[in-house]
Amino acid sequence: MRRFASLLCFLATLPALAQEAPRRALPVEDDAPVPKAIPVNPPPKAQPVPEGAPKQIGDDMYDFASLAYERQEWAIAAQNYAKYLQTHPTGVRVADALFRLGECNMKQNQLKQAAGFYEEVVNRYPNSEGAPSAAYRLGAMRFNESKFLDAARFFDFSETKTKNGPVRLASAYNKSRAYEMARDKDKQAAALATVIAVKTDNPYREAALLTLGSIYLAQDKKTEALPIFEDLVSTSKDRTIIAEASIRAAVLLAELKKPDESMVMFEKALRMPETTEQNRGIALVGVIQALYSKGDYDAVVDYYNKNSQVLPPGASRAKMLLYVGNSYRMRKSYARAVEVYLLIEQYHPDTDEAFEAGYWKLYSFYLLNDRDLGEFATAFIARHSQKRAGHEYLSLARLIRADFYFNKGDFQQASVSYNDVVIDQLPEKLRPGSLFNMGWAQGEAGRHQEAVATFSRFINEYPAHEFIAKAYARRGLANRDARDLPKAKADFEHVTREFPKSDACEMAWLQLGFIAMEQKDPKATITAFETLLKKFPTTTAAAQAYYGVGRGNFDLKIYDKAVAALRRSIELDSKGYLEKSSQLIILCDYARQNAEDLAKSIDSYLASKPGGQVPPNILKWLGLKLYSNDDFKRAARFLELGVTPAAPENTEPVVWNYLGMAQLQTGQFDASLQATDNFLKSNPDPATGARAQLTKGSALLGKEDFDAADKVAQEALQIVKDGKLQAELLILEGDIFAAQGDKLAAAGDQAGAVEKWKAAAAKYAVPSQFYEDPDVTPHALYKAAKALQKAGDEAQAKQMLQQLKQRYPKYQPKD
């Protein structure tokens, strides 16, 4: 974590010398300053036809075109070369004409057309006189278009085919430049080696040597690079190259642990006026580096403080400051180290040194236990993540940030940071803990497949680690959340089998219970949760375990055990289990068809949770059951819980019907009318509708709305012509008349009352004399007798009572 980047890496990034190849390839024959794009050298003169050679067909046309070409009349020349090609497509001058057409288009800045003709020469006439020149021009064009691999291919063709030594050298050299731009260092080096092999009359050799040396530097091939620069120092006549080679040789010697020889080279460079200011800075940094490489951190700090007014310029200054900051850090002067690192970031932004300083600053804050560590890490990562995504410092910074968020419980942020950590770049001792925490954060953040992969890696790489049981359990959780229940089950079973006394085992039994529930395996559910309660009696998941046992027994239809376990879960955690345990208890009582227990369970549930919901079908069954037992009050209450007054159509009609009847029996006449009307809106069959009319008429009678009650009864009697329902409707009419009589009598209208009582007796007489039913007939006889008594007809009343006694001796009046 405290490794310091060598000056060699920095040196490999320095700009090339003036004689080094430019960013664009050079022309073959051009004495002008290096251009920004590759100009193509003028083509060789057309080869004259040997004297005495036979005249070829089309020569005149070709010569005319060439005359215009020599006069630089490019458009005319191109037109006539084209005519030659059209007229003599197989002529001996076709290759030359194609090449000249390319030249004409080139001169007119029609590069695309020119490239087409050059390619025809290369592809169709690779052995022609102009093919190497055409390939060279194509190489230049492709280079300028940033198509560097195509450029290298054409330069290679030119190099291979040309018979001209300078052209061959230029092609090889420019090929190396193309490979450089394509970032293919191996092929660049091979091309440079070809150039370097020519030791005489080679204007590219020194530049090629310096470039190849730089490649070796970048590849950390010190032993290969050093003799190249030493050769340049001893043989070059260009003092600028000597100065550059000296500084590079000095750095290499320092890297190869030859400090004395290194110092000689550094001093040589410092004495030469041709040494650039940047390289002078490198020489000064070399002294600091020598001290740092010895581990003499106090000397580095002292030397820096003594020379603080004379700092190297540019990047070399940043390099030296980095040595100083690291020296402070190695002395554990973290606050002073941060100050130096800040200087590098402030005055040398976007440099490798600033990046490295930024990391070590972050690390120093870590050692200082700074509370803003997360923000510092985020800023560092955001600044460098694009350009340096694979660097180990980014992995370490992400690890620092991930640990920070993990400890805060911000698993979403932690998982993002952990996912960016390159585990293999971390120190070995940090890897297992980082992997485990990464998997944990991923699982908590909902990234289940990633968590599975991370814990699998942990298990494979660290099978003896102290977290191994937890890793299996956590992978099981991730598999379960990813809906891979078989794999989750296997992980949890492995924990219970291999680590029975671990904390992870408690969680494993709990999770096995959950999985069994999901797989609808009630026996396995009961086994898992009962084992959890037995092995871990103080488990915090006891309420859940009892619920699981209750649910398993419910599924097995062992309702007594189910209810006991479910009630225990509510006792342990009412807030968490009141709702779902109560619902299952209600279902148990319903399944047992035990109306009394069911009513108690519902009452207990609603007492604990007013406004709770009970399934309507259960309330329906309970209400109808209680109604059939003449428990009208409770029947009405439970039926009321199952209706939807705001949307009556959403309630089963039968519920409205029985609710209306139950409310009628409890004297809730308005409610009974509303319920019965809701039932009638469902368009029941005529007989059922008439029965509801009886309920409605009775409710209206209870409200003393005699006319409305009588109207309802009359409407029903229009439909029902016989049977028990007709008898009950006639009794209802009798009740209406009797009630009217009672009201008139109370008002002092005895005559009117008598008339009504007689009318009532007449209504009662019909079912009492012409319909035989053990409930309806005696009731009608009794009501008729009472009405006659009120009307003063004692004889007739006595006769009715005698009939009642003779025919129904066990009858007991309900009023």
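Residues numbered from 1 in each chain as written. Predicted model: local features only at pLDDT ≥ 70, side-chain atom pairs only at ≥ 80, totals over all residues. Heavy atoms only, no water.

Draft legend 1. Focus on the overall build of the protein chain. When helices and strands are counted, the protein chain shows 41 helices and zero strands. Taking 815 residues into account, the globule formula puts the C-alpha radius of gyration at 28 Å, and the protein chain, at 52 Å, lies well above it. Once the C-alpha set of the protein chain is aligned to its principal axes, its extents read approximately 165 × 85 × 50 Å. For the protein chain, the share of sequence-separated contacts (at least 6 apart) that also reach a separation of at least 24 residues comes to 52%. Taking the 105 positively charged and 103 negatively charged side chains of the protein chain as two groups, their mean positions are separated by 2 Å. (Helix = DSSP H or I, 4+ residues; strand = E, 2+ residues; numbered from the N terminus. Rg over C-alpha atoms; globule rule 2.2 N^0.38 Å. Contact = heavy atoms within 4.5 Å. Lys, Arg positive; Asp, Glu negative; His and termini not counted. Charge placed at Lys NZ, Arg CZ, Asp CG, Glu CD.)

Draft legend 2. Inspection of the pattern of salt bridges at higher detail. For the structure shown, the criterion picks out 45 salt bridges. Among the salt bridges present, the one from Arg431 reaches Glu428, with a minimum N-O distance of 3.1 Å. With its nearest N and O atoms 2.9 Å apart, the salt bridge here joins Asp603 to Arg637. Of this pair, Asp603 sits in helix α31 (residues 595-608) while Arg637 sits in helix α33 (residues 632-641); the two residues are 34 residues apart in sequence, bridging distant segments of the chain. (Salt bridge = Lys/Arg side-chain N within 4 Å of Asp/Glu carboxyl O.)

Draft legend 3. The arrangement of helix α21 (residues 411-420) in detail. Taken together, the buried positions of α21 are Ala414, Ser415, Ser417 and Tyr418. Buried residues of α21 fall within an arc of 165° about the axis and therefore sit on the same side. (Buried < 20%, exposed > 50% of the residue type's maximum accessible area, 1.4 Å probe, protein only. Arc of directions from axis to C-beta.)

Draft legend 4. Structural view of the environment of Leu232. On the secondary structure map, Leu232 appears in helix α11 (residues 222-235). For the pair formed by Leu232 and Ala207, sequence separation is 25 residues and the distance between their alpha carbons is 10.0 Å. Residues in contact with Leu232, not counting those within four places in the same chain, are Glu206, Leu209, Leu210, Ile241, Ile242 and Ala245.

Draft legend 5. A look at the nonpolar core. Counting 82 residues, the largest nonpolar core has Ile344, Tyr359, Phe380 and Tyr418 as the members making the most contacts within it. Those residues in contact with Phe380, other than ones at most four positions away along the chain, are Phe355, Gly358, Tyr359, Leu362, Tyr393, Leu394 and Ala397. One finds Ala152, Leu212, Phe229 and Phe266 within the second-largest nonpolar core, a separate group that totals 47 residues. (Core = buried A, V, L, I, M, F, W, Y, C linked by side-chain atoms within 4.5 Å.)

Draft legend 6. Broad picture of the packing of aromatic side chains. Throughout the structure, instances matching the rule amount to 36 aromatic pairs. Measuring from ring centre to ring centre gives 5.2 Å for Tyr136 and Phe155, while their planes differ by 65°; the resulting arrangement is edge-to-face. Of this pair, Tyr136 sits in helix α6 (residues 131-144) while Phe155 is found in helix α7 (residues 148-161), placing the two residues 19 residues apart along the sequence. Take Tyr136 and Phe155: they sit in the same class, and that class is buried. Ring centres of Tyr782 and Tyr811 lie 6.1 Å apart, and the angle between their planes is 50°; this geometry places the pair in the tilted category. Taken together, the positions of Tyr782 in helix α40 (residues 776-791) and Tyr811 in the segment after α41 (794-807) put the pair 29 residues apart, joining distant regions of the chain. Residue class for Tyr811 comes out buried when judged on its relative accessible area of 16%. Ring pairing ties together the aromatic residues Phe355, Tyr359, Trp360, Tyr363, Tyr366, Phe380 and Tyr393, which thus form one cluster. Across the ring face of Tyr69, the terminal group of Arg100 is positioned such that the distance to the ring centre comes to 4.1 Å. Sitting over the ring of Trp440, Arg474 keeps its end group 3.6 Å from the ring centre. (Phe/Tyr/Trp six-rings, centres within 6.5 Å; stacked < 30°, edge-to-face > 60°. Lys NZ or Arg CZ within 6 Å of the ring centre and 35° of its normal.)

Draft legend 7. Just the confidence of the model for the protein chain, in detail. Taken over all residues, the pLDDT of the protein chain has a mean of 88, while the share at 70 or more is 92%. Ignoring residues within four places in sequence, the model shows residues 1-6, a span with pLDDT below 50, making 26 contacts including any to other chains. In this model residues 15-51 is a low-confidence stretch, pLDDT under 50, and it forms 73 contacts with partners more than four residues away in sequence or in other chains. (pLDDT = per-residue confidence, 0-100.)

Draft legend 8. Region of the structure containing the packing of helix α25 (residues 485-498) against helix α26 (residues 503-518). At a minimum axis distance of 9 Å, the contact between α25 and α26 shows a crossing angle of 145°. Here α25 runs over α26; the crossing is left-handed. Here Leu485, Ala488, Lys489, Phe492, Glu493, Val495 and Thr496 of α25 lie close against α26, whose contacting residues are Ala504, Cys505, Ala508, Trp509, Gln511, Leu512, Ile515 and Glu518. Here the residues of the contact of α25 with α26 are counted per class, giving 10 nonpolar, two polar and three charged. (Axes fitted to C-alpha atoms, helices over the stretch in contact; angles between N-to-C directions. Left-handed = near helix turned anticlockwise from the far one by under 90°. Nonpolar A, V, L, I, M, F, W, Y, C, P; charged D, E, K, R; others polar.)

Draft legend 9. Representation of the packing of helix α18 (residues 352-367) against helix α20 (residues 392-408). At their nearest, the axes of α18 and α20 sit 10 Å apart, and the two run at 30° to each other. The orientation of α18 relative to α20 falls into the category roughly parallel. Once α18 is placed against α20, the crossing between them reads as left-handed. Side by side, α18 and α20 meet where Phe355, Glu356, Tyr359, Trp360, Leu362 and Tyr366 of the first sit next to Tyr393, Leu394, Leu396, Ala397 and Ile400 of the second. Taken together, the residues of the contact of α18 with α20 break down into 10 nonpolar, no polar and one charged. (Parallel < 35°, antiparallel > 145°, perpendicular 65-115°, else oblique.)

Draft legend 10. Structural detail: unusual backbone geometry. Backbone geometry at Arg183 places phi at a positive 65°, although glycine is not the residue there. Examined against the element boundaries, Arg183 turns out to sit in the loop between α8 (165-181) and α9 (185-196). Assessed through its relative accessible area of 74%, Arg183 is described here as exposed. One non-glycine residue, Lys332, lies in positive phi territory at about 70°. Here Lys332 is to be found in the loop between α16 (314-330) and α17 (334-347). Judged by its relative accessible area of 62%, Lys332 falls in the exposed class.

Draft legend 11. Main features of α9. Here α9 is 12 residues long and its end C-alpha atoms lie 16 Å apart, about the 16 Å a rise of 1.5 Å per residue gives. Of all the residues in α9, the buried ones are Gln188, Ala189, Ala191, Leu192, Val195 and Ile196. Projection of α9 onto a plane perpendicular to its axis shows the buried side chains occupying an angular sector of 165°, all on one side. Packed against the buried residues of α9 are α8 and α10 (205-218). (Expected span 1.5 Å × (residues − 1).)

Draft legend 12. Layout of the environment of Glu261. Looking at the element boundaries, Glu261 is found in helix α13 (residues 259-271). Linking Glu261 and Arg568, residues 307 residues apart in sequence, is a C-alpha distance of 86 Å.

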